[in-house]
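Reading the structure
Residue-level listing of the chains:
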Amino acid sequence: MSPPDRRDLIADAAIGTVASAGLRGLTHRAVDTAAGLPAGSTSYYFRTRSALISACYLRLAELTVADVDRWEADHGDPDPDSAAEALAALLHHWLTEGRDRQLARFELSLEATRRPELRADLETAGLAARSRAAALLAALGAPRPAEAADLLVAWTDGLLYDRLAGAPAASRPAPDAAELTPVVRRMLAAVLAI
């Protein structure tokens, strides 16, 4: 496996920094340290803090699409039941090993609501995820896959937010894939009927 591209390494370190320290902790120096790079490396690639935040949005979208692509490669042509099991496993991954990415994504999304210059990159990132969801739902037979994808993404984001940052998040363990599967099965049935 080849080492990550320097820009990806920096974006990954920035995402980790946002997840652990919030946007207040996102500085070029903090990212250099987190990435194990010499001082000034981050600012060489991303001159401004806005450019660094935009890099986070785009990298998060790339990683999310890669997760979905990996799932599709592992499951071939899905039917609704296997799709529910696979999506439940993916959600479990995002609630556990992928937790930091999701926390950073929520924090970064809120920042874009306050800073219009960041909105375009957030929208680009969100459209990539919705496009992949629409393609999956079309393969499952959704009559209006774009509408179904919007609903599925909104539901997924709500579940992730509730379990990672919602009021009882600290007192509840992440549900395992077996617990998530019946919930996902019901949601897929609903969006496929749209």
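Our subject is the structure listed above.
All residue numbers refer to positions counted from 1 along the written sequence of the respective chain. Restriction of local features to residues with pLDDT of at least 70 applies here, the model being predicted, together with a cutoff of 80 or more for giving and counting side-chain atom pairs; totals for whole chains, interfaces and linings are based on all residues. Side-chain measures were taken over the full set of non-hydrogen atoms in the model, leaving aside hydrogen atoms and water.

Helix and strand assignments follow DSSP, with helices taken as H or I runs no shorter than four residues and strands as E runs no shorter than two, numbered in order from the N terminus. When helices and strands are tallied, the chain shows nine helices and zero strands. Moving toward the C terminus, one meets the helices and strands of the chain in the order α-α-α-α-α-α-α-α-α. We take the radius of gyration over the C-alpha atoms and set the globule estimate at 2.2 Å times the residue count to the 0.38 power. Relative to the globule expectation of 16 Å for 194 residues, the C-alpha radius of gyration of the chain, 17 Å, shows essentially globular dimensions. Referenced to the eigenvectors of the C-alpha coordinate spread, the extents of the chain come out at roughly 50 × 40 × 35 Å. Residue burial in the chain is summarised as follows: out of 194 residues, 43% are buried. By sequence separation, contacts in the chain at least 24 residues apart represent 70% of the contacts at least 6 residues apart. Throughout, the Shrake-Rupley method with a 1.4 Å probe supplies accessible areas, and for residues the shown protein chains are the sole cover considered. Per element, the accessible surface of the chain, about 10000 Å² overall, is 56% carbon and sulfur. His is not counted, nor are the chain ends; Lys and Arg add positive charge and Asp and Glu add negative charge. Where a charge lies is defined by one atom per residue type, namely NZ (Lys), CZ (Arg), CG (Asp) and CD (Glu). Each charge class in the chain was averaged separately, 21 positive and 26 negative side chains, and the resulting centres sit 7 Å apart. Three exposure classes are used, based on accessible area relative to the maximum for each residue type with a 1.4 Å probe and protein chains only: buried under 20%, partly exposed in between, and exposed over 50%. Should any heavy atoms of two residues lie within 4.5 Å, those residues are counted as being in contact.

Here we come to the packing of aromatic side chains. Any Phe, Tyr or Trp ring, taking Trp's six-membered ring, that has another such ring centre within 6.5 Å forms a pair; planes under 30 degrees apart are called stacked, those over 60 apart edge-to-face, and the others tilted. Evaluation of the coordinates by the stated rule reveals two aromatic pairs. Residues Y44 and Y45 carry aromatic rings whose centres are separated by 5.0 Å and whose planes lie at 85 degrees to one another, so their mutual orientation is edge-to-face. Residue Y44 is classed as exposed on the basis of its relative accessible area of 61%. The partly exposed category is assigned to Y45, whose relative accessible area is 26%.

Let us look at the pattern of salt bridges. What makes a salt bridge here is a side-chain nitrogen of Lys or Arg within 4 Å of a carboxyl oxygen of Asp or Glu, nothing more. Summed over the entire model, instances satisfying the criterion amount to 16 salt bridges. Note that D12 is salt-bridged to R59, the shortest N-O span being 2.7 Å. Remark: R59 occurs in helix α4 (residues 49-75) and D12 occurs in helix α1 (residues 6-21); sequence separation between them is 47 residues. According to the relative accessible area criterion, R59 is buried, its value standing at 11%.

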